[in-house]
Amino acid sequence: MVPANFHPDAPEDLIPEYRAEMVYECIGCGKSFDINQFLYTCPHCKSLLRIINKSFSRLKEKPGEYWQEVFDFRKMVNIPSLKGVFRFYEFIFPIIPLEDIIYLGEGDTPIVKSNPELSDFIGREFYVKNDGLNPSVSFKDRGMASAVSFINYMIKKFNIRELLGICASTGDTSAAAALYLSYLDKKIVRSVVLLPQGKVTPAQLSQPLGSGATVIEIPGVFDDCMKIVEELAENYQVCLLNSKNPIRIQGQKSFSFEIAQQMDYKTQNLVVVVPIGNAGNVTAIMEGFLEFFQTGVIKSLPLIIGVQSTHANPVVRWKEHGVFTPMSVKPSVAQAAMIGNPVSFPKVSHLVENYFKKNFLAISVTEQEIIEGMLQTNRHGHVVCTQGGESIVGLKTALKKGLIPENADVVVDSTSHQLKFMNFQQMYFEDSYPLEFEIHPRKELQNNPFQLKASASEIASFLKLKKKV
Ligand SMILES: *Cc1c(COP(=O)(O)O)cnc(C)c1O
Ligand SMILES: [Zn+2]
């Protein structure tokens with residue numbers, strides 16, 4: 001719908017006019033820094049940075065209901081830059097002109113009600129928010145849309161002639177980074193990804209290769225790759241696209257904004273279940289709900305439940321013991337979350353200690369539960385990845401522990417698409433898991449193709465078909 005055809009009462013901010021003063025702020029020493037630069041850690045104390053909107057209070061001048069209406073109307077506007085995560089422009093990165101926003105179809109993912117049998121299996125009804133339906137088929141596109149739009153804006157603003165975007169990845173960050181960077185001018189932008197050799201799935205490796213990125217594999221796990229890119233970002237002119245880049249968190253907040261909108265902004269009974277790896281996602285989700293809460297767009301904070309595999313659960317251990325210690329990880333089918341030293345942990349602890357308090361829980365699940373959570377869910381009309389399976393069995397565990405209120409509205413995050421993690425399904429079906437996974441496939445969940453002759457009668461007798469009368 002063209003904005004001109006809207007009712008005269010349509011909110012005046014339908015096409016965003018609001019522009020903010022944004023700065024980087026150190027979560028350690030509190031110093032702030034000009035936004036017009038690429039910055040990932042505090043130049044003084046090396047702590048993480050976050051993005052602060054110094055004009056945030058201006059958003060509070062209008063009631064929360066007003067912003068609800070703005071976002072609801074915006075759903076109807078056919079301006080590409082407002083179709084994705086920037087539907088929530090004022091809460092994402094309100095310095096980027098609409099024409100500099102890169103929109104590749106990210107965000108606006110559906111919430112799908114759990115099928116009745118699946119609900120019985122888990123113990124209650126819930127919704128799956130399917131972030132596998134993003135362009136590179138994971139939620140990472142949300143943050144890449146804001147980070148790469150910012151790069152695009154900076155290139156134009158400062159007439160940058162040469163730029164190298166780089167990230168370390170458990171697979172999906174590199175797929176998203178390579179995709180979004182490949183949309184920019186190749187004469188200016190080079191794209192490089194660093195992957196732990198053999199620790200990403202074949203689909204995840206093919207994605208950055210297909211987008212034309214330079215793919216570098218190194219021995220070790222994700223945490224090792226992260227150390228290298230941190231060193232590169234510290235000493236060389238590179239543009240870091242890991243979630244340490246606080247501008248990615250800005251786009252990822254849209255996950256919460258969309259849930260709020262999909263629930264008609266009723267969040268008093270909302271529970272959101274998410275897998276935790278490097279903790280960028282859960283940080284963004286909490287920040288998103290917090291900002292909507294602070295501006296009255298929602299009236300209460302939801303309960304956030306983070307889920308981790310027993311093979312990589314430093315956040316769960318922190319919640320249990322009150323101290324955070326990085327751990328070395330064991331192989332996990334939730335490979336995208338197989339991280340022993342989450343970069344964004346300081347942000348999580350800050351948000352939990354200051355705002356979420358009892359509204360944040362962390363739960364461990366086993367590898368066996370995770371893979372079977374994925375298989376069971378996908379047998380009932382859903383499409384979830386292993387991390388989605390992890391969230392879903394996290395819900396099941398939380399229910400058993402009595403942590404979910406009776407009247408809760410539960411939304412579970414499936415962070416990517418089933419197809420990225422097909423090899424784990426295959427290993428289950430073929431009973432070929434290496435021992436370290438501690439996964440023992442059960443017959444009833446296995447499924448393998450049958451090889452038959454090209455003969456209708458043979459296939460009919462195999463299927464025990466009844467003849468037409
Ligand atoms: C990155 C990723 C995660 C983990 O998210 P963090 O922000 O690292 O906590 C979970 N699932 C998938 C599919 C991912 O790509
Ligand atoms: Zn600092």
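Residues numbered from 1 in each chain as written. Chains lettered and ligands numbered in written order. Predicted model: local features only at pLDDT ≥ 70, side-chain atom pairs only at ≥ 80, totals over all residues. Heavy atoms only, no water.

Provide a residue-level description of the layout of surface pockets, including the pertinent values.
Here the largest pocket defines a volume of roughly 570 Å³. If you go around the largest pocket, you meet 25 residues; those closest to its centre are Ala 233, Tyr 236, Gln 237, Val 238 and Cys 239. Within the residue set of the lining of the largest pocket, elements represented by two or more residues are strand 6 (163–168), strand 7 (189–196), helix 8 (222–235) and strand 9 (239–240). In terms of residues, the lining of the largest pocket owes the most to one element, helix 8, which gives three residues. Partitioning the lining of the largest pocket into residue classes produces 15 nonpolar, two polar and eight charged. Considering only enclosed or pocket space, the second largest pocket measures out at about 380 Å³ in volume. If you trace the second largest pocket, you find 24 residues lining it, with Arg 50, Ile 51, Ile 52, Glu 287 and Glu 291 closest to the centre. If one sorts the elements of the lining of the second largest pocket by residue count, helix 13 (residues 345–356) sits on top with five residues. Across the lining of the second largest pocket, the residue classes tally to 14 nonpolar, four polar and six charged. (1 Å grid on protein atoms, 1.4 Å probe; cavity = no way out; pocket = protein on both sides within 12 Å on 5 of 7 lines; lining within 4 Å. Points joined across faces, edges and corners; volume = space filled by probe spheres on them. Helix = DSSP H or I, 4+ residues; strand = E, 2+ residues; numbered from the N terminus. Nonpolar A, V, L, I, M, F, W, Y, C, P; charged D, E, K, R; others polar.)

Please give an account of the coordination of the zinc ion (ligand 2) that cites residues and values.
At 2.2 to 2.3 Å from the zinc ion (ligand 2) lie its protein donor atoms, namely Cys 26 (SG), Cys 29 (SG), Cys 42 (SG) and Cys 45 (SG). Between the four donor atoms coordinating the zinc ion (ligand 2), the angles at the centre fall across 96 to 121°, so the site counts as tetrahedral. Read in sequence order, the donor residues coordinating the zinc ion (ligand 2) give the pattern C-x2-C-x12-C-x2-C. Pair noted here: Cys 26 is in strand 1 (residues 22–26) and Cys 42 is in the loop between strand 2 (32–34) and strand 3 (49–53), with a separation of 16 residues, a long-range link. Just as Cys 26 is buried, Cys 42 falls in that class too. (Donors = N, O, S within 2.8 Å, 3.2 Å for Na, K, Ca; no water. Tetrahedral: all angles 85-135°; square planar, octahedral: opposite > 155°, others 65-115°. Buried < 20%, exposed > 50% of the residue type's maximum accessible area, 1.4 Å probe, protein only.)

Provide a residue-level description of the domain arrangement of the protein, including the pertinent values.
On domain assignment, one finds that the protein holds domain 1 (111–134 + 253–431) and domain 2 (139–246). Distance between the C-alpha centres of domain 1 and domain 2: 25 Å. On the side of domain 2, 21 residues touch domain 1, which itself brings 25 residues to the contact. Together, the buried faces of domain 1 and domain 2 total about 1800 Å²; carbon and sulfur atoms form 50% of this surface. It is Gln 335, Val 343 and Lys 420 in domain 1 that bury the most area against domain 2; as a group they hold 31% of the surface buried on that side. Inspection of the domain 1/domain 2 interface yields three salt bridges. When the shortest N-O distance is used, the salt bridge between Asp 131 and Arg 142 registers 2.8 Å. Remark: the boundary between domain 1 and domain 2 carries 10 residue pairs in polar contact (both at pLDDT 80 or more). Top contributing element to the side of domain 1 that touches domain 2 by residue count: helix 10 (residues 254–262), with three residues. (Domains from an automatic or database assignment. Contact = heavy atoms within 4.5 Å. Buried area = accessible area lost by both parts, 1.4 Å probe. Salt bridge = Lys/Arg side-chain N within 4 Å of Asp/Glu carboxyl O. Polar contact = N/O pair within 3.5 Å; in protein donor to acceptor, adjacent residues only side chain to side chain.)

I'd love a proper account of the sheet that holds strand 2, names of residues and values included.
The sheet built from three strands is open, its strands ordered 2-1-3 with antiparallel pairing. Only two strands of the sheet have a single neighbouring strand rather than two, namely strand 2 and strand 3. Across the sheet, the mean angle separating the axes of adjacent strands is 40° when strand polarity is ignored. Bridge analysis of strand 1 against strand 2 gives three bridges, and the strand direction is antiparallel. Paired with Val 23 across the strands is Asp 34, a residue of strand 2. (Pairing = 2+ DSSP bridges. Axes fitted to C-alpha atoms, helices over the stretch in contact; angles between N-to-C directions.)

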